[in-house]
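# A closer look at the structure
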Amino acid sequence: ALTESLAQIVPRASDDPQATLAPFAAPATAHRIDATLQAGGLPSRIAEHDGCTYLLPTIVRCDSPDHPLANKEFLFPFASVLEIPQASIPNILGPTLVVSAITSDKALIRRLLSSPLVGRLNIGALPTNAIRWDQPHEGNLFDHLYARRAFEMALA
């Protein structure tokens, strides 16, 4: 049902009230991502509209954690689906910016919450793009891109 719903999403004019996809400011970035998807066995997801380049929403079902798209995160509506034993979560996921867990299993929630691999944990149907600046993961981007270090050197 989700893939059928996403298949209805297409690029539209920027002033169209039904527009839900954003074009890539740098089309080359969209083409590089598309090449990665194609290397993972998918057909091209590129769409052109009004001179802009888009990637169509994509859900891929992976047959193992070794699938080249199993642990990928991209700058467009994308998800990989992989059936794994619950005890393997979150280790098999690897490092991730956001985990959205649709569960009430307290043991799983504790494992996800205590994992250093999960940057942000959403429990329930919360949009991953909803930002609350009082959350540590949402703070100053500088804090996430650069490690703070002190350096001192005595002058000779």
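Small disclaimer: the values here were computed from a predicted structure and weren't measured.

## Quick look at the overall build of the protein chain
Along its length, the protein chain carries four helices and six strands. Helices and strands appear in the protein chain in the N-to-C order α-α-β-β-β-β-β-α-β-α. Expressed as a percentage of the 156 residues in the protein chain, the buried residues total 24%. Contacts in the protein chain between residues at least 24 apart in sequence constitute 32% of all its contacts with a sequence separation of at least 6. Only carbon and sulfur atoms are counted for the fraction: they give 57% of the accessible area of the protein chain, which is about 11100 Å².

## Considerations on the packing of aromatic side chains
A full pass over the atoms with the stated rule returns three aromatic pairs. Between F74 and F76 the ring centres are 6.1 Å apart and the planes differ by 40°, which places this aromatic pair in the tilted class. By relative accessible area, which is 8% here, F76 ends up buried. An angle of 45° between the planes, with centres 6.0 Å apart, marks the rings of F76 and F78 as tilted. Owing to a relative accessible area of 15%, F78 belongs among the buried residues under this scheme. Pairwise contacts between aromatic rings join F74, F76 and F78 into one cluster.

## Observations concerning the environment of P65
Within the secondary structure, P65 is located in the loop between β3 (58-62) and β4 (78-82). In this structure P65 comes out as partly exposed when scored by relative accessible area, which is 34%. In this view, P65 contacts A70, L82 and I92; residues no more than four positions away in its chain are not counted.

## A look at unusual backbone geometry
Geometrically, the link from I89 to P90 is a cis peptide bond, its omega value of 10° lying close to zero. A positive phi angle, close to 50°, is found at D50, a residue other than glycine. Mapped onto the secondary structure, D50 falls in the loop between β1 (46-49) and β2 (52-55).

About the thresholds
- Residues numbered from 1 in each chain as written.
- Predicted model: local features only at pLDDT ≥ 70, side-chain atom pairs only at ≥ 80, totals over all residues.
- Heavy atoms only, no water.
- Helix = DSSP H or I, 4+ residues; strand = E, 2+ residues; numbered from the N terminus.
- Buried < 20%, exposed > 50% of the residue type's maximum accessible area, 1.4 Å probe, protein only.
- Contact = heavy atoms within 4.5 Å.
- Areas by Shrake-Rupley, 256 points an atom, 1.4 Å probe, with all protein chains shown as cover.
- Phe/Tyr/Trp six-rings, centres within 6.5 Å; stacked < 30°, edge-to-face > 60°.

None of the figures reported here should be taken as evidence of function without further support.
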